[in-house]
Amino acid sequence: MIVDFARWLETASQEALANGEGRFAMMSASMAEAMRVNADELARNNPEKTERVLQQASPMMAQFKAAYPHRVISRSVH
């Protein structure tokens, strides 16, 4: 679950960057990296801490999704 949430944050980070939201992109990428690095420890040793981390990330994601409800899809032609 932590790794899935980290992927979601990484995707949101890329979308935020495409929308010119550099601050949100940086925060999302940093949080995703922290989740990935600590995923085993969080899942194995401290479920309360895991829940707290997810509760902190969820409102941030909801706020971004409310501001940008449509995903940016890149269609580059090489």
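In case you missed it, the structure is sitting above this.
Predicted model, so just to flag it, every value in this text is computed and none were measured.

Brief notes about the packing of aromatic side chains
Part 1: In total, this model carries one aromatic pair according to the counting rule given.
Part 2: A ring pair is formed by Phe 5 and Trp 8, whose centres lie 4.9 Å apart and whose planes are at 80 degrees; its orientation type is edge-to-face. Taken together, the positions of Phe 5 and Trp 8, both in helix H1 (residues 2-18) and three residues apart, correspond to about one turn of that helix.
Part 3: In this structure Trp 8 comes out as partly exposed when scored by relative accessible area, which is 36%.

Structural notes on the packing of H1 against helix H2 (residues 22-45)
Part 1: Following both chains from N to C, one finds H1 and H2 inclined at 165 degrees, their axes separated by 8 Å at the closest point. The angle between H1 and H2 falls in the class roughly antiparallel. Every pair of crossing elements has a handedness; the one defined by H1 and H2 is left-handed. Between H1 and H2, the residues in contact are Ile 2, Val 3, Phe 5, Ala 6, Arg 7, Leu 9, Glu 10, Ala 12, Ser 13, Ala 16 and Leu 17 and Phe 24, Ala 25, Ser 28, Ala 29, Met 31, Ala 32, Met 35, Arg 36, Ala 39 and Leu 42, respectively.
Part 2: Taken together, the residues of the contact of H1 with H2 break down into 16 nonpolar, two polar and three charged.

Observations regarding the nonpolar core
Part 1: The biggest cluster of nonpolar side chains holds 17 residues, and the ones touching the most others in it are Ile 2, Phe 5, Leu 9, Phe 24 and Met 35.
Part 2: Counting only elements with at least two residues in this core, the list comes to H1, H2 and helix H3 (47-67).
Part 3: When neighbours within four sequence positions are excluded, Phe 5 is seen to be in contact with Met 35, Leu 54, Ala 57 and Ser 58.

Quick look at the side chain of Ser 13
Part 1: Residue position: Ser 13 is located in helix H1.
Part 2: Judged by relative accessible area, which is 10%, Ser 13 ranks as buried.
Part 3: At 2.8 Å, the side chain of Ser 13 forms a polar contact with the backbone oxygen of Ala 25.
Part 4: Residues in contact with Ser 13, not counting those within four places in the same chain, are Ala 25, Ser 28 and Ala 29.

Conventions we followed
- Residues numbered from 1 in each chain as written.
- Predicted model: local features only at pLDDT ≥ 70, side-chain atom pairs only at ≥ 80, totals over all residues.
- Heavy atoms only, no water.
- Phe/Tyr/Trp six-rings, centres within 6.5 Å; stacked < 30°, edge-to-face > 60°.
- Helix = DSSP H or I, 4+ residues; strand = E, 2+ residues; numbered from the N terminus.
- Buried < 20%, exposed > 50% of the residue type's maximum accessible area, 1.4 Å probe, protein only.
- Axes fitted to C-alpha atoms, helices over the stretch in contact; angles between N-to-C directions.
- Parallel < 35°, antiparallel > 145°, perpendicular 65-115°, else oblique.
- Left-handed = near helix turned anticlockwise from the far one by under 90°.
- Contact = heavy atoms within 4.5 Å.
- Nonpolar A, V, L, I, M, F, W, Y, C, P; charged D, E, K, R; others polar.
- Core = buried A, V, L, I, M, F, W, Y, C linked by side-chain atoms within 4.5 Å.
- Polar contact = N/O pair within 3.5 Å; in protein donor to acceptor, adjacent residues only side chain to side chain.

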